[in-house]
Amino acid sequence: DPQQLEVATSSKRKLRRFIVIDEVVDELYGSKVREYFEENNVQHKILALPTTEETKSMDLVLNILQEVQNFSIDRRTEPIIAIGGGVCLDIVGLAASLYRRRTPYIRVPTTLLSYVDASVGAKNGVNFLQCKNKLGGYTPPVASFLDRSFIQSIPRRHISNGLGEILKMALMKHKGLFDLLKSHGKYLLDTKFQSYSGSDDHGDAALQTTRIAIETMLEELAPNLWEDDLDRLVDFGHLISPELEMRVLPSLMHGEAVNIDMAFMTYVAYMRGLITAEEKEQIIQCMRGLELPVWHSGCSWPLIKKALMERLKHSGGQPRMPLPTGLGVAEIFNDTTEETLERAYKLWVRD
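Under the annotation held in an unreviewed UniProt entry, the protein carries the name ARO1 protein and is attributed to Rostratula benghalensis. In its Cofactor (unreviewed entry) section, the UniProt record describing the protein reads: "NAD(+)".

Encoded structure:
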């Protein structure tokens, strides 16, 4: 808002910012962040916290809010800044939405997963009673600042984890993105999504891949920001994975659990005749190429049944199951029988 900008820059009052940063990110980049605020003469408070699925709780939200209250921010002109992975962005988003009913906040994602997933959309939340994101709301950030240079310091497994969410969008909406992942997956893992000039074979695969992933995600989320329509292609990989992820914490990361769910659902799509055996193999081979798990012993048949029962409770009594109907195209189905699911499960386990 130009008017607000004018007020903020012309004010004699010193600029102030409250920043929540993941403690691992703080070790790597904290000194640069502090230097930035000092050089720009901004009074600041930096709160470094352990933000993991295990600490993603209302207690951490209340800790943040206590510190926000002590620092005393102007909720109109002093947004809270969250710097970290998806868990950090979720927790801070919820804290900001609760403080004075709604305080603006800015997302700065530092992992590939949060760059293409948590940075987009309005959702925030915390885990509650061993259920993933059981408490939360829909409060979009005022901005997301995307900087891929953060990604170069995260471990290879975390890159692969983010590729799970990118592959989700490829399978649901964009064959070109699927082809990019097939052709350049290993290169993207090796180069940690950094852009290098002179790599003619790969072009700027990192920029292309992340841009398409975010654009397709926005296409799906923007018209349905508050999830009034429960038929959502972006739910692919998220029917069984929440139950699996919480059950086996901390052995699976979010994108890995999502990929296991997608692998099973690929078999369901094959069993229903929606995709060919060759397409099924292409998808599974692409997953392996991205170094993502395609099966997990914790994903038992009873767990799948329980997860799908939970799904019915929260999606208006319909499974609303997104399934690929080809490479890069998908539809939502409500008529998959338990017999089909069980046959797909047995074939998946056998393979």
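Counting 70 residues, the largest nonpolar core has Leu167 and Phe264 as its most contacted members. Here this core gets 10 residues from one element, more than from any other, and that element is helix α10 (residues 254-271). Here this core gathers at least three residues from each of two domains, domain 1 (14-152) and domain 2 (156-224 + 233-350). Setting aside chain neighbours within four positions, we find Phe264 in contact with Ile240, Ile304, Leu341, Ala344, Tyr345 and Trp348. Of all hydrophobic cores here, the second largest spans 25 residues; its members include Leu47, Val87, Leu89 and Ala95.

Attention shifts here to helix α9 (residues 241-248). Counting buried positions along α9 yields six of eight residues, so the element is predominantly enclosed. Looking at α9, one finds that the buried residues are Ser241, Glu243, Leu244, Glu245, Met246 and Val248.

The next thing to look at is the pattern of salt bridges. Overall, the coordinates contain 28 salt bridges when judged by the stated rule. Of the charged contacts in the structure, one is a salt bridge between Lys173 and Glu220, with a shortest N-O distance of 3.1 Å. Highlighted residues: Lys173 in helix α6 (residues 156-173) and Glu220 in helix α8 (residues 205-221), separated in sequence by 47 residues. Classification of Lys173 by relative accessible area gives partly exposed; the value is 26%. With a relative accessible area of 21%, Glu220 lands in the partly exposed category. Between Arg311 and Asp235 there is a salt bridge; the shortest N-O distance is 3.2 Å. Residue Arg311 is located in helix α12 (residues 301-314), and its partner Asp235 is located in the loop between α8 and α9; the two are separated by 76 residues in the primary sequence. A relative accessible area of 13% means that Arg311 is categorised as buried.

This brings us to the sheet that holds strand β1 (residues 16-22). Within a beta sheet, neighbouring strands are joined by backbone hydrogen bonds and run either parallel or antiparallel to one another. An order of β2-β1-β3-β4-β7 is seen for the five strands of this open sheet, with the pairing classed as parallel. The open sheet has two edge strands, β2 (43-49) and β7 (143-144), and neither has a second partner. The pairing of β1 with β2 spans seven bridges and is classified as parallel. When the sheet's bridge partners are listed, Phe18 is paired in β2 with Lys45. Of the strands in this sheet, β1, β2 and β3 (80-84) touch helix α2 (residues 23-39), which is tilted by about 160° from β1. Along the sheet, helix α4 (residues 86-98) contacts β1, β3 and β4 (105-109); its crossing angle with β3, the most-contacted strand, is approximately 165°.

We now examine the layout of surface pockets. Quantified by volume, the second largest pocket comes out at close to 1,100 Å³. Contributing to the lining of the second largest pocket are 37 residues, with Arg17, Tyr36, Ile81, Ile106 and Phe145 lying nearest its centre. Counting residues per element, the ones that place at least two in the lining of the second largest pocket are α1 (2-10), α2, β3 and β4. Per element, the largest residue contribution to the lining of the second largest pocket is six residues, and it comes from α2.

Attention now goes to the pairing of β1. Within β1, seven of the seven residues are buried, which leaves it mostly tucked inside the rest of the structure. The alternating pattern of β1 places Arg16, Phe18, Val20 and Asp22 on one face and Arg17, Ile19 and Ile21 on the opposite face, and all of these are buried. Crossover connection from β1 via α2 to parallel β2: handedness right-handed.

Assigned domains within the protein: domain 1 (14-152) and domain 2 (156-224 + 233-350). For domain 1 and domain 2, the distance between their C-alpha centroids amounts to 27 Å. Contact with domain 1, which involves 19 residues of that partner, is made by 28 residues of domain 2. For the pairing of domain 1 and domain 2, the buried interface totals around 1,900 Å² over both sides, and the portion due to carbon and sulfur atoms is 69%. A salt bridge links Glu245 to Lys132; its shortest N-O distance comes to 3.3 Å. Counting the contacts that link domain 1 with domain 2 gives four residue pairs in polar contact (both at pLDDT 80 or more). The set of elements that each furnish at least two residues to the side of domain 1 that touches domain 2 consists of α5 (112-118) and β6 (131-138). Residue classes in the side of domain 1 that touches domain 2 are distributed as eight nonpolar, five polar and six charged.

What counts, and where the lines are drawn
- Residues numbered from 1 in each chain as written.
- Predicted model: local features only at pLDDT ≥ 70, side-chain atom pairs only at ≥ 80, totals over all residues.
- Heavy atoms only, no water.
- UniProt positions renumbered as here; feature names shortened; annotations may be inferred.
- Core = buried A, V, L, I, M, F, W, Y, C linked by side-chain atoms within 4.5 Å.
- Buried < 20%, exposed > 50% of the residue type's maximum accessible area, 1.4 Å probe, protein only.
- Helix = DSSP H or I, 4+ residues; strand = E, 2+ residues; numbered from the N terminus.
- Domains from an automatic or database assignment.
- Contact = heavy atoms within 4.5 Å.
- Salt bridge = Lys/Arg side-chain N within 4 Å of Asp/Glu carboxyl O.
- Pairing = 2+ DSSP bridges.
- Axes fitted to C-alpha atoms, helices over the stretch in contact; angles between N-to-C directions.
- 1 Å grid on protein atoms, 1.4 Å probe; cavity = no way out; pocket = protein on both sides within 12 Å on 5 of 7 lines; lining within 4 Å.
- Points joined across faces, edges and corners; volume = space filled by probe spheres on them.
- Right-handed = clockwise from strand over helix to strand, strands pointing away.
- Buried area = accessible area lost by both parts, 1.4 Å probe.
- Polar contact = N/O pair within 3.5 Å; in protein donor to acceptor, adjacent residues only side chain to side chain.
- Nonpolar A, V, L, I, M, F, W, Y, C, P; charged D, E, K, R; others polar.

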